[in-house]
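Per-entry structural report
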Amino acid sequence: MTYLKSLFLFLISGLLCYTVANPVFVNITCRTMQTNNEIKRILTAKEIGFAGFDDNKFSTKTIKEQEDIIQLKIPCGQIVWQTDFDRYVQDNDFNRIKRELSYELDDMIGYCQQLNCRNIILVPGNKTVMLTYKEQFNRIVKILQWVGGYIKDSSITINLEAINRFESDSKFLTTQQDSLKLVKAINKTNIKILFDVYHTGMNNEDIMKELEACKDWIGYFHIADVPGRNEPETGKLPYKDKIFPWIKKNLPNIPIGIECHQICNNQKLKETFSIFDK
């Protein structure tokens with residue numbers, strides 16, 4: 001009964017949060033309000049008027065740290081699946097892969113339920129010399145098709161993140177086209193793309209063209225400007241003129257995560273995102 005009750009509350013609270021236009025979350029890795037206290041950062045994000053927070057390292061926190069965050073009862077947009085994905089890709093025993101993945105996924109689903117979180121971010125490993133590109137691609141597809149089936153009753157989406165090739169050329173996904181090719185091959189409604197505008201800009205990709213190409217497969221956005229990875233409108237990317245209007249028009253319910261190194265002005269940041277309040 002306790003499990004069913006918690007699942008019901010998770011679904012209802014998630015529905016309330018995600019039916020508003022583009023809920024915006026602030027990643028607690030952002031250096032905002034000149035504080036290193038993550039609890040204060042979460043409370044600040046909510047006080048400013050954002051939907052809640054993102055947390056890249058929740059699964060690696062101590063139980064006490066996790067409990068302190070859960071007790072806030074503030075919605076979490078996404079958590080990151082901290083896993084050694086390369087190990088699974090290089091393992092030839094698929095039964096063992098499924099068994100060990102199930103343990104990790106059960107933990108991730110539990111975290112999401114406690115945090116009112118419906119999105120998990122995954123970087124699906126590094127390129128390996130042990131397999132050809134085609135072999136590695138096919139193994140990742142097979143694994144994530146199984147993962148999509150395993151989590152299908154959880155209302156959770158796993159979003160795949162590409163890391164720009166200048167910061168990490170070793171990653172299997174380095175461009176949005178890499179991600180698009182992979183999610184199309186997986187073809188699961190709960191395996192989508194994390195469209196990170198910063199990484200796309202760092203690659204010098206045509207952001208508007210990539211948004212159109214990936215439109216049907218985007219499950220989450222990460223936002224930061226280029227260069228510097230600071231808040232929008234501090235660099236060269238056309239957030240207010242092009243990117244935000246496109247998101248609002250074409251993907252009005254997809255969550256947005258602010259993932260900057262530095263937030264200099266909380267009020268200005270809120271004003272920048274005010275387009276999504278209208």
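Everything that follows concerns the structure shown earlier in this document.
Read on for a plain summary of the structure. The structure displayed is predicted, hence computed values, not measured ones. Counting of residues starts from 1 at the beginning of each chain's written sequence and follows it residue by residue. With pLDDT at 70 or above as the cut-off, local features in this predicted model cover only qualifying residues; side-chain atom pairs require 80 or more to be listed or tallied, and sums for whole chains, interfaces and linings still use all residues. Side-chain measures here rest on the full set of heavy atoms in the structure, leaving out hydrogens and waters.

Once that is clear, we can look at the environment of H261. Elements are defined by DSSP. Helices are runs of H or I of four residues or more, strands are runs of E of two residues or more, and each kind is numbered from the N terminus. Of note, H261 is situated in the loop between strand 8 (256-258) and helix 11 (266-272). A simple rule labels every residue: compare its accessible area, found with a 1.4 Å probe on the protein chains alone, to the largest value its type can have, and call it buried under 20%, exposed over 50%, or partly exposed in between. Among the residues examined, H261 registers a relative accessible area of 40% and is labelled partly exposed. In this structure, the C-alpha to C-alpha distance between H261 and N230, residues 31 residues apart in sequence, is 5.4 Å.

Moving on: the nonpolar core. Among the buried residues, those of types Ala, Val, Leu, Ile, Met, Phe, Trp, Tyr and Cys that are joined through side-chain atoms within 4.5 Å form a nonpolar core. Counting residues in each nonpolar core, the largest one holds 76 residues, and the members touching the most others are I79, I158, L160, F221 and F273. Counting residues per element, this core draws most heavily on helix 5 (residues 94-115), which supplies 8 residues. Apart from the residues lying within four places of it in its own chain, the contact partners of F221 are L194, F195, L211, W246, I247, L251, I254, P255, I256 and G257. A51, I121, L194 and Y220 belong to the second largest nonpolar core, which has 6 residues in total. Between two residues, a contact is recorded if the distance between any of their heavy atoms is within 4.5 Å.

What follows concerns the sheet that holds strand 2 (residues 52-55). Two strands pair under a simple rule: DSSP has to find at least two bridges between them. Strand order in the closed barrel formed by 8 strands is 1-2-3-4-5-6-7-8, and the pairing between neighbours is parallel. Each strand axis lies, on average, 30° off the axis of its neighbour in the sheet, ignoring direction. Note that strand 6 (residues 191-196) and strand 7 (residues 218-223) share 4 bridges and pair parallel. Following the sheet pairing, I193 is matched in strand 7 by I218. The convention used is that axes are lines fitted to C-alpha atoms, helices contributing only their stretch in contact, and that angles between N-to-C directions extend from 0 to 180 degrees. Packing of helix 5 onto the sheet brings it into contact with strand 2, strand 3 (76-80), strand 4 (119-122) and strand 5 (157-161), and relative to strand 3 it is tilted by some 160°.

Quick look at helix 2 (residues 38-48) now. Every buried residue of helix 2 is listed here: R41, I42, T44 and A45. Down the axis of helix 2, the smallest arc covering the buried residues is 160°, so these residues share one side. Looking at the packing, one finds that the buried side of helix 2 touches strand 1 (24-27), strand 2, helix 3 (63-70) and helix 11. With a side-chain oxygen positioned 2.9 Å from the backbone nitrogen of I39, the residue opening helix 2 is N37. Where helix 2 terminates, the next one or two residues include G49, which has phi positive at roughly 125°. Each C-beta atom gives one direction from the helix axis, and the arc is the one those directions make. N or O atoms closer than or at 3.5 Å make up a polar contact, with two conditions inside protein: a donor-capable atom paired with an acceptor-capable one, and, for residues adjacent in sequence, both atoms drawn from side chains.

What follows covers the packing of aromatic side chains. Paired rings are identified among Phe, Tyr and Trp, the last through its six-membered ring, by centres lying within 6.5 Å, and are further divided according to the angle between planes into stacked (under 30 degrees), edge-to-face (over 60) and tilted (the rest). What the rule picks out here adds up to 10 aromatic pairs. Pairing F58 with Y111 gives two aromatic rings, centres 5.3 Å apart and planes at 75°, and the pair type is edge-to-face. Of this pair, F58 sits in the loop between strand 2 and helix 3 while Y111 is found in helix 5, placing the two residues 53 residues apart along the sequence. Taken as a pair, F58 and Y111 share a single burial class, namely buried. Between Y239 and F244 the ring centres are 5.1 Å apart and the planes differ by 45°, which places this aromatic pair in the tilted class. Exposure remark for Y239: the relative accessible area of 0% places this residue in the buried category. Through a chain of ring-to-ring contacts, three or more aromatic side chains come together here, namely F50, Y239, F244, F273 and F276. Two conditions define a charge located above a ring, namely a distance within 6 Å from the ring centre to NZ of Lys or CZ of Arg, and an angle within 35 degrees of the ring normal. The residue whose ring lies beneath K181 is F137, and the NZ or CZ to ring-centre distance is 5.2 Å. Here the basic side chain of K270 rests over the ring of F50, its NZ or CZ set 5.2 Å away from the ring centre.

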